[in-house]
Each structure stands twice: as C-alpha cells, then as structure tokens.
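Notes for the structure review
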Amino acid sequence: MAREFPSDSVGLVQPRTVHFDQPLELSSGETLAGYDIVFETYGELNSARSNAVLICHALSGSHHAAGYHDADETKPGWWDNMVGPGKVIDTDRFHVVSCNNIGGCHGSTGPATINPETGIPYGPDFPIVTVPDWVQSQARLADTLNIGQWAAVIGGSLGGMQAMQWAIDFPDRLRHAVLIAAAPKLTAQNIAFNEVARQAICSDPDFHGGRYYENDSEPWRGLRLARMLGHITYLSDDLMSEKFGRDLREGRINFDYGVEFQVESYLRYQADSFAGSFDANTYLLMTKALDYFDPAAKAGGVLSSALKGVNADFMVISFTSDWRFAPYRSREIVRALHDNDLNVSYAEVESHQGHDAFLLKIPQYLDVFTAYMDRVAAGC
Amino acid sequence: MNRKIADIPNARPDYAIIAEWIRPRSRVLDLGCGDGALMRYLAERKQTTGYGLELDDKYLPQCIRNGINVIQTDLDQGLAEFDDDSFDYVLLSLTLQAMHFPARLLDEMLRVGSRGIVTFPNFGHWRARLQLGVFGKMPISRTLPHQWYDTPNIHLCTLRDFEALCRDRNIDILERRAVDHTHRTSLGLRLWPNLLGEIALYQFTRKVISRR
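Right, let's walk through the structure included here.

Rules behind the numbers
Residues numbered from 1 in each chain as written. Chains lettered and ligands numbered in written order. Predicted model: local features only at pLDDT ≥ 70, side-chain atom pairs only at ≥ 80, totals over all residues. Heavy atoms only, no water. Helix = DSSP H or I, 4+ residues; strand = E, 2+ residues; numbered from the N terminus. Rg over C-alpha atoms; globule rule 2.2 N^0.38 Å. Buried < 20%, exposed > 50% of the residue type's maximum accessible area, 1.4 Å probe, protein only. Contact = heavy atoms within 4.5 Å. Areas by Shrake-Rupley, 256 points an atom, 1.4 Å probe, with all protein chains shown as cover. Lys, Arg positive; Asp, Glu negative; His and termini not counted. Charge placed at Lys NZ, Arg CZ, Asp CG, Glu CD. Phe/Tyr/Trp six-rings, centres within 6.5 Å; stacked < 30°, edge-to-face > 60°. Lys NZ or Arg CZ within 6 Å of the ring centre and 35° of its normal. Arc of directions from axis to C-beta. 1 Å grid on protein atoms, 1.4 Å probe; cavity = no way out; pocket = protein on both sides within 12 Å on 5 of 7 lines; lining within 4 Å. Points joined across faces, edges and corners; volume = space filled by probe spheres on them. Buried area = accessible area lost by both parts, 1.4 Å probe. Salt bridge = Lys/Arg side-chain N within 4 Å of Asp/Glu carboxyl O. Polar contact = N/O pair within 3.5 Å; in protein donor to acceptor, adjacent residues only side chain to side chain. Core = buried A, V, L, I, M, F, W, Y, C linked by side-chain atoms within 4.5 Å.

Points about the overall build of chain A
What chain A contains, in helices and strands, is 10 helices and 12 strands. For 380 residues, the compact-globule formula gives about 21 Å, and the C-alpha radius of gyration of chain A, at 21 Å, lands near that figure. If one aligns the C-alpha atoms of chain A with their principal axes, the spans along those axes are about 65 × 60 × 50 Å. For chain A, the proportion of its 380 residues judged to be buried stands at 57%. Sequence-distant contacts in chain A: of pairs separated by 6 or more residues, those separated by 24 or more amount to 72%. Looking at chain A as shown, the accessible area adds up to about 15500 Å², and 50% of this sits on carbon and sulfur atoms. Put simply, chain A has 29 plus and 48 minus side-chain charges, and the middle of one group is 3 Å from the middle of the other.

In structure tokens:
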C-alpha cells in the first residue's frame, strides 16, 4: 500500500553504490586498494551542473540524510529537518549528494566489510581514515558523478570539519562551505571523552580485539556505554534538566540499581537503539578521525596559514549551549577566515539543546541558514 | 535588544556623506551594522569589502540577504579578534552612545583601522537644550526617542564633548558634518553645528605624535 509522505519530504529514496578500483592513499601511509561508497541524491542536477550540494555526516550519521528507504520506515533520514522540497536545503533548487564515509557501517567499505585479501572482515585491520582521506574519497565520488564544483559543501560537527577540509584541499571545487557546530580541532577534553568511549568498547570481553565478527559476538555493552557518554556531551545541562529533571519512573526511589530516574531510562533507550544499528569498530575509527583533525598542524599550528589559498565563501554557525564544540571554537575558525580576507558570515544561535541543536528546527538557525542558502542558490 | 537609537526611515543621505568620505575599493569594518544596508550601499557605490558586526539576531538574516559578511559579535567585548591595521575604515553609525565603553571603542577602531567614522545623535541640539534647560526634562526627539529609564543610549554627548574626547585621546578629526534629521545640511548647520545639528558625522584618525 502506498504511504503518504509529508509534502516537504523527498519521499522514497534509493541508495546507490559506486565501486572504486583506484587505490586510495591514506594519511596514515596505508593504502586502501579498492572501496565502495554508498550515497543518496535528492533533487535534480541542473544542466549547467552548478547546483550540486554535498552533505557531510557526523560521527553517527550515514548517507541517509533525507526521505525514507521504504514505506515502513518510521524515521526519515538524519537531516530530514533541513533537506527537502521548500526546506532550508531546498531540493527544488539543489541537487543534494549525501554519502556514507569510508570506514562507516552503512554500506561504504569499512571494518565490517570482507577484506578481499583474507576473506574475512577487516575488523581491526581496516586502516584508520582521517578527514582529509574522506574528502579525497568524496572528491572521487564527485568525479564519478561528473560534478566539477559544488555549489556548497555543508556539514555539522565532524561534517563541518569535512566542509572545512574541502575548502583547504580543493579550493576551486566548491563555492561555499557551511560549517555548523564545528571546531578547528579537538581540545584535550574532547579527546578525553573519545578515549573513554573507546576504552568502553575495547574493554568489552565481546570485543575480541576487534575480531568480534568471526566470534559471532558484538561488544554491545561497550558500544552502549560509548553512546551513553557521547549522548550526554551532545545535550546541555539545561536541556536535560528541562526534559528529565529528577523525575522518577515509578514515582519513588527503590534503593536498588535498576532504572529509577527518567534520564537513566532515556540513556538506556538511546544506547540500545544505537548499539543495534552501529558497528563498534566504526565508532572507534570515527572518534580517531575526530581526534586527528587539525588542519593547522601542517601550517605550524596557525589556522589562518592553513587557510591560505582557500577561495570558498563561508557560513559558520554555532549554538550557545553547545559545550562540546562551544561558540568560541567556531569563532577561532571565523577569525582565521577573516584574517585571510575571505567572505565569512557567522551566527551564534541562542539555544538550549546543546551540540545536537544542529539537527533541530530552531527558528533563528533556520532563518540564518535559509538566508545563506538563498545566496548559494543565487550563484548557481 | 535593539541597539540602534532609532530606525531612521530616511537614512540614505548619511550613507551618501559616508560614501563620499570613503576611497573606492577600501576595506571596511562596520560596527553595529544593523541590516547591512550601509555595507551594501558602500559595496555597490565604492566597491568596498569587509565585514559588518552585529549582535541583534533579527538583523543577521537581513545582512546575509543583503549580501554582506556579518559576524555576530558583542561590541562591548571589544575587537580583539581583529588584528591591528586590518581595515582602511572602521564605521560606527548611531551606536557610539549605546556602548558601555565608548572611549575604549574609539581606540579599538583606530587600532584595527587607519580611519574611523562615527555618527551619533547630538545631545546639544537646541530642542534637547530647550527640553532640559527650560522644561527641566530629559530630551525626547526623533533621534532620541526613548524614555530615560528605558533607553539603550547610556553615553550621550554633544559635538563639543566628542571633540574634547578626541583631543584627550590624541585623535585627529579629519572631517565633521552636522545634519538635521533628514541628514541634510545647510548654512545654519555649518555655522552653529552644535546647536542645530541633530546628527553628527565625524571622520578621524590617530594623531601622529612626533617623537622629538
């Protein structure tokens, strides 16, 4: 039976997969002999091929940014709030491309893929990939799709870092970069959170050094813990107080270690749904890509030097309650951009939703983002 | 909070005066740029580049639609994110009187830019003097429409006050214009600017002090 999708939804979408035979030289010095990239597109590419927009996903994202895979899918893609006809990233105007990064677990080659050399899943042998590696692989995808220049590369969090890397590595292949809730590199505190998440996974007896696929097990407990920890850092103290406060599930404390507070129940629910659909080795790899991101490192630690040669125009957006990548981290990027006399606009959006605000429909965020996308569309 | 003293409907004439003062293709920083109309005007007429700084959320989408670079910033936090001598002109249009530290901001303007341009409502205008001097009440006018207890304008001054501050701070005034609320000037305004001027416009630079 045909299902009615909302009128501002892209509706049913079909992922596609491209195989690349050309080896990919990675930042680590290793080489990935061949690989698949799974991606989705929404909206038509115009005849000048000038209206293509690349969406880069964050730690737990995928190529499925908008619409539904089948009529039974309850939740649309992860950025459906933003992507669709008449939405901020308007599929009536833009041809949107969204891919799963290599190392991911949603269809692109990653740790769970069978290693052609051994006949078993890569597991821990899958090379660590970095943000510049992803950007290289995305550029090859663009070549395959015959997209010479993106109208914009857009991303939140780790996705924003990829957009920034695009502007550095391929200055002539994008006109605009939109960086949302991003940072120019991780702080010690950010890395510390990632390390606790990794330890949670690696110390799970079911992890088997990353070879859990062959052992027919999954480090489910570790992955759940990692997600719980991550989730706390994506929300703000204010939001958690507002959402859960000290509310009790059964209205009383039981003096035991079961689920008592609503917040505990919420975290367990989030952890269960995440661990059921995500691969632990990919989680490890994504956190490493975050930790290693530091484009300034190659330029003597000076971000504005790293941005020399960049041509793109930038929109940078941060959220006041985001303590994972706080507004001052975005301002570091803005400063480095205007040090280079680049076109940049910056909005600090008042919100209480923490880091996850970049996924949500916050009126001021939508207004600013839409105004900027109008500008992007005007140049297509 | 609306930082601007008033959204003066007929603001174009003061843009024209500012544009007259600015050399083509200059780099401009506009402090408290509002909806970005002045930056856009200068970009179109004088091919300027640069940035507008604005705190108020509601102006940001308008700035972006006006095609200017806007950076959401609280001016009272200073201009620390900008290097010395980054701009040819730093503009402050009808915002000086709303700043917590106006003198410090003037110094900052001349640190990041080689020239400053400010416009402000003249508290020495005869109508203001009449209201305070004769009626004994805080002035309310087209350019200063707020009640004393509910106003963003916490540092009001006259042309003379501003010029005294400039002398104190080693600031050289290069140009002065006093205009009425329609931003037009006249013989009277040229003769008695501090009495007849509703809005003052100044262009200034750092005084070069001889070391010998």
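Here we look at the packing of aromatic side chains
Residue and element names in this part refer to chain A. This model, assessed by the stated rule, comprises 25 aromatic pairs over all chains. Through pairs of rings, three or more aromatic residues link up here, namely Trp-78, Trp-79, Phe-319, Phe-358, Tyr-365 and Phe-369. A cation over a ring is seen here: Arg-173 above Phe-170, with NZ or CZ 5.9 Å from the ring centre.

As for unusual backbone geometry
Most peptide bonds take the trans form, and the phi angle of most residues other than glycine is negative. Residue and element names in this part refer to chain B. Phi at Asp-85 is positive, roughly 50°, even though this residue is not glycine. Here the phi dihedral of Asn-170 falls at roughly 55°; this positive angle occurs in a residue that is not glycine. Tracing the backbone shows Asn-170 in the loop between helix 6 (159–168) and strand 6 (171–179).

Some points on helix 6 of chain B
All names here are of chain B. Along helix 6, the positions that sit buried rather than exposed are Leu-159, Phe-162, Glu-163 and Cys-166. Viewed along the axis of helix 6, the buried residues span an arc of 95°, placing them on a single side of the element. Facing away from the buried surface of helix 6 by more than 90 degrees, the exposed residues are Arg-160, Arg-167 and Asp-168. Residues of helix 6 that are buried sit in contact with helix 4 (102–112), strand 5 (113–121), strand 6, helix 8 (193–196) and strand 7 (199–206).

Considering empty space enclosed by the protein
All names here are of chain B. Per the counting criterion, the structure on display carries 3 cavities of 30 Å³ or more. Empty space within the largest cavity amounts to approximately 80 Å³. Lining the largest cavity, in full, are Asn-122, His-125, Arg-127, Ala-128, Gln-131, Pro-139, Ser-141, Thr-143, Leu-144 and Glu-198.

Section: the interface of chain A and chain B
Facing the 23 residues of chain A at the interface are 18 residues of chain B. Around 1700 Å² of area is buried between chain A and chain B when both sides are counted, 44% of it from carbon and sulfur atoms. In terms of surface lost to chain B, no three residues of chain A exceed Arg-335, His-338 and Arg-375 of chain A, which account for 28% of the buried area on that side. Joining chain A to chain B, the criterion identifies 4 salt bridges. A salt bridge links Arg-65 of chain B to Asp-374 of chain A; the shortest N-O distance between them is 2.8 Å. The tally of links between chain A and chain B comes to 16 residue pairs in polar contact (both at pLDDT 80 or more).

Thoughts on the layout of surface pockets
All names here are of chain A. In this structure, the largest pocket occupies an estimated 1400 Å³ of space. Taken together, 43 residues line the largest pocket, and the ones lying closest to its centre are Ser-60, Lys-75, Trp-78, Arg-227 and Leu-359. Elements with a contribution of two residues or more to the lining of the largest pocket: helix 4 (220–234), helix 5 (237–243) and helix 6 (262–275). For the lining of the largest pocket, the element with the most residues is helix 6, which contributes 5 residues.

A few points about the nonpolar core
All names here are of chain A. Ranked by internal contacts, the top residues of the largest apolar core, which has 165 residues, are Trp-79, Ile-89, Ile-180, Tyr-365 and Phe-369. Sorting elements by how many residues they give to this core places helix 10 (residues 363–378) first, with 8 residues. Trp-79 has contacts with Ile-55, Ala-65, Ile-89, Ile-154, Ile-180, Phe-358, Leu-359, Tyr-365 and Phe-369, leaving out every residue within four places of it along the chain. The next biggest cluster of nonpolar side chains, apart from the first, holds 5 residues, and it includes Leu-235, Met-240, Phe-244 and Tyr-266.

Overview of the pattern of salt bridges
All names here are of chain A. For the structure on display, the rule yields 29 salt bridges over all chains. For Arg-211, the salt bridge identified is with Glu-214, shortest N-O distance 3.8 Å. The exposure class assigned to Arg-211 is partly exposed, which follows from its relative accessible area of 25%. With a relative accessible area of 36%, Glu-214 lands in the partly exposed category.

A few points about the side chain of Gln-353 of chain A
Residue and element names in this part refer to chain A. One can find Gln-353 in the loop between strand 12 (344–349) and helix 10. Exposure remark for Gln-353: the relative accessible area of 16% places this residue in the buried category. Every residue in contact with Gln-353, bar those within four places of it in the chain, is listed here: Tyr-234, Leu-235, Ser-236, Leu-239, Ser-321, Leu-360 and Ile-362.

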